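# Coordinate analysis (summary)
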Amino acid sequence: LIEMLGETYLDLGMTPDSMAMNAWIRGTRGADLSATVAFTKGTCRRVTHDEVGADRATVAIVSGSTFAPFEVVHADAAIDGVYEEVALDFGDASAVIAEKFANDYLDLVSQARKGITIELVPDVGPVPYDDFGIGDTISVPGITGAAEDHRVAAIGVQVGPDSITRWTVDLDQPRMLL
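First things first, this report covers the structure right here in the doc. Note that residues are indexed from 1 along each chain, following the sequence as it is written. Per-residue local features are limited, in this predicted model, to residues with pLDDT of at least 70; the limit for side-chain atom pairs, both in listing and counting, is 80 or more; totals at the level of whole chains, interfaces and linings are taken over all residues. Values shown for side chains rest on all heavy atoms present in the structure; no hydrogens or waters enter the calculation.

## Concerning the environment of Leu-120
Starting at the N terminus, helices and strands are each numbered in turn, a helix being any DSSP run of H or I of at least four residues and a strand any DSSP run of E of at least two. Mapped onto the secondary structure, Leu-120 falls in strand β7 (residues 113–120). Accessible area is worked out with a 1.4 Å probe on protein chains only. A residue is then buried under 20% of its type maximum, exposed over 50%, and partly exposed in between. Taking relative accessible area as the criterion, Leu-120 reaches 3% and is therefore assigned buried. Residues Leu-120 and Thr-40, spaced 80 residues apart in sequence, show a C-alpha to C-alpha distance of 9.8 Å. Setting aside residues up to four positions removed in sequence, Leu-120 forms contacts with Phe-39, Thr-43, Cys-44, Arg-45, Pro-126, Pro-128, Trp-167 and Val-169. Throughout, a contact is declared for two residues whenever any of their heavy atoms are within 4.5 Å.

## Overview of the sheet that holds strand β4 (residues 59–63)
Strand pairing requires that DSSP identify at least two bridges connecting the strands. As summarised here, the arrangement of the three strands in space is β5-β4-β6, forming an open sheet in which the pairing is mixed. Looking along the sheet, the strands with just one partner apiece sit at the ends: β5 (70–73) and β6 (85–89). Each adjacent strand pair in this sheet contributes to an overall mean axis angle of 25 degrees, direction not counted. Of the pairings in the sheet, the one linking β4 to β6 comprises five bridges and is parallel in character. In the strand pairing of β6, Ala-60 is matched with Val-86. Throughout, an axis means a line fitted to C-alpha atoms (over the contacting stretch in the case of helices), and angles, computed between N-to-C directions, take values from 0 to 180 degrees. Contacting β4, β5 and β6, helix α3 (residues 95–109) crosses the sheet at an angle of about 35 degrees to β5.

## Focus on the pattern of salt bridges
One side-chain nitrogen of Lys or Arg within 4 Å of one carboxyl oxygen of Asp or Glu is enough to make a salt bridge. On inspection of all chains with the given rule, the structure shows four salt bridges. When the shortest N-O distance is used, the salt bridge between Asp-104 and Lys-100 registers 2.6 Å. One end of the pair is Asp-104 and the other is Lys-100, both in helix α3 and four residues apart, which spans about a single turn. The class of Asp-104 is partly exposed, set by a relative accessible area of 32%. For Lys-100, a relative accessible area of 43% corresponds to the partly exposed category. Arg-166 serves as the salt-bridge partner of Asp-162, at 2.9 Å between the closest nitrogen and oxygen. Three or more residues joined by partner-sharing salt bridges are found here, namely Arg-45, Arg-46 and Glu-119.

Nothing here speaks to function; it is all geometry.
Next up, the structure:
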């Protein structure tokens, strides 16, 4: 169920200390911290850019219990010539709300999935959950090395046998979705 919810218009997250599950309308979680949280080559061990183009959708077949099914076509479908369909059911929502969320969903998944993973240098620079969290926008080195703003999608942590905490941060898309 949680995986299915994560594929909708919701952002899901678990609070590390209390294990409470939280949900936000996609795009409303977090703050723009790119002016104050900026990673550089000295604070990132590795920056990995991933892209997968297979999981795209540009057309939504929208259904619900209060309206007749209808189709929402993303502008990218005509531009790219890619007509990949997805079925979305919005239950008791109105047709207007269903159309809004269908458009929001297609905005999210119409492009090839792209993501960035950064591995942080231990004990140097901004620290996840202290300086930024999931949903926040931070600045990281892009492919060319220039600073780019990206949204934090997931945070991973590993404590090695040497007791050093090593953080990884997934930007734009969680790595497991790529």
